[in-house]
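Residue strings, one per chain:
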Amino acid sequence: MFFENGCFEGMNYLVHFPDGYEKGQKYPVLLMLHGAGTRGITLEAYKESQNFPNISRSAENRLVIVAPHCTDTFWYEKYETLMRFAKAVATMPFTDPTRYYLCGASMGGYTAWQLAMSCPSLFAAVIPICGGGMYGMASRLVNLPIWAFHGAKDTTVLPAESQNMVDAVNRKGGNAKLTVYPENAHDAWSDTYRDPLVFAWLLSHENRNSPVLQDEYRGKKEFG
């Protein structure tokens, strides 16, 4: 495995290539959004994160991992840049756009939910971990396979945050599920990224999402 560094509109990012990577080939790509604890480190230090080898092993060296680095207080402070970056990754030379996936943990989990709602036809499947979101907008996610994860003993982000999102998506007719680790506190990502079954599920999906979605709220006074 090896890394390349990049910069997009002032936002640094890493690309983690799997063993056996061949330039010119198209690969499944995972856009990985880190949590608040990674904000203050350098890119070189970020390369030491166990998330990269854990995901790569679990995915049997099939995934290219693209990991933008947030140095602000929240991902939302550079959200427009992140959204443009997510769309740019879909066109990178190594990306198979039909097998482009999204995951995020904690601060990145919140942002993964939001980015999926902003770009519902961009990704083939999403793994939001110990996050939450605007469940009133869950209808935007009905075409997108989602597997959320949370620790039952998490007091940093309550498990209800994930449960509310998953329930809201399913009420609208979507395809979302939630795994709660009974003994985990906030760190639900380590177990998730080490689980080959998670990545077998992820890689089983190709992007067949419809870009046409109904807006339930536009022009309705009862929604402000």
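Definitions and cut-offs
- Residues numbered from 1 in each chain as written.
- Predicted model: local features only at pLDDT ≥ 70, side-chain atom pairs only at ≥ 80, totals over all residues.
- Heavy atoms only, no water.
- Phe/Tyr/Trp six-rings, centres within 6.5 Å; stacked < 30°, edge-to-face > 60°.
- Buried < 20%, exposed > 50% of the residue type's maximum accessible area, 1.4 Å probe, protein only.
- Helix = DSSP H or I, 4+ residues; strand = E, 2+ residues; numbered from the N terminus.
- Pairing = 2+ DSSP bridges.
- Right-handed = clockwise from strand over helix to strand, strands pointing away.
- 1 Å grid on protein atoms, 1.4 Å probe; cavity = no way out; pocket = protein on both sides within 12 Å on 5 of 7 lines; lining within 4 Å.
- Points joined across faces, edges and corners; volume = space filled by probe spheres on them.
- Nonpolar A, V, L, I, M, F, W, Y, C, P; charged D, E, K, R; others polar.
- Axes fitted to C-alpha atoms, helices over the stretch in contact; angles between N-to-C directions.
- Contact = heavy atoms within 4.5 Å.

> Just checking my understanding: could you explain the packing of aromatic side chains for this structure?
How two aromatic rings sit relative to each other is set out by the distance from centre to centre and by the angle between their planes. Summed over all chains, the structure comprises 14 aromatic pairs. Grouped by ring-pair contacts, the aromatic residues Phe2, Phe17, Tyr21, Tyr27 and Phe94 constitute a single cluster.

> Explain the pairing of strand S7 (residues 146–151) to me, please; I cannot follow it from the model alone.
Summarising burial for S7: 6 of the 6 residues are buried, a large majority. With burial as the criterion, each face of S7 is covered, one bearing Ile146, Ala148 and His150 and the other bearing Trp147, Phe149 and Gly151. Sheet topology places S7 next to strand S8 (residues 176–181); 6 bridges connect them, and they run parallel. Note that in S8 the partner of Phe149 across the bridge is Thr179. Read from S7 through helix H5 (residues 159–171) to S8, the crossover connection turns out right-handed.

> Explain the layout of surface pockets here, please?
A probe matching the size of a water molecule, rolled over the atoms, marks out where space remains unfilled. Here the largest pocket defines a volume of roughly 200 Å³. Taken together, 16 residues make up the lining of the largest pocket; nearest its centre are His34, Gly35, Thr38, Asn51 and Trp189. Its residues assigned to classes, the lining of the largest pocket shows 8 nonpolar, 8 polar and no charged.

> Mind showing me how you'd approach the sheet that holds S7 here?
Hydrogen bonding along the main chain pairs the strands of a sheet, whether they run parallel or antiparallel. Sheet architecture is open: 8 strands sit in the order S1-S2-S4-S3-S5-S6-S7-S8, paired in mixed fashion. This sheet does not close on itself; its edge strands, each paired only once, are strand S1 (2–8) and S8. Going from strand to strand, the sheet's axes swing by 20° on average, the running direction of each strand aside. Along the sheet, helix H7 (residues 196–203) contacts strand S3 (27–33), strand S5 (95–105), strand S6 (125–129), S7 and S8; its crossing angle with S6, the most-contacted strand, is approximately 145°.

Interpretation note: all reported values are geometric properties and have no functional meaning in isolation.
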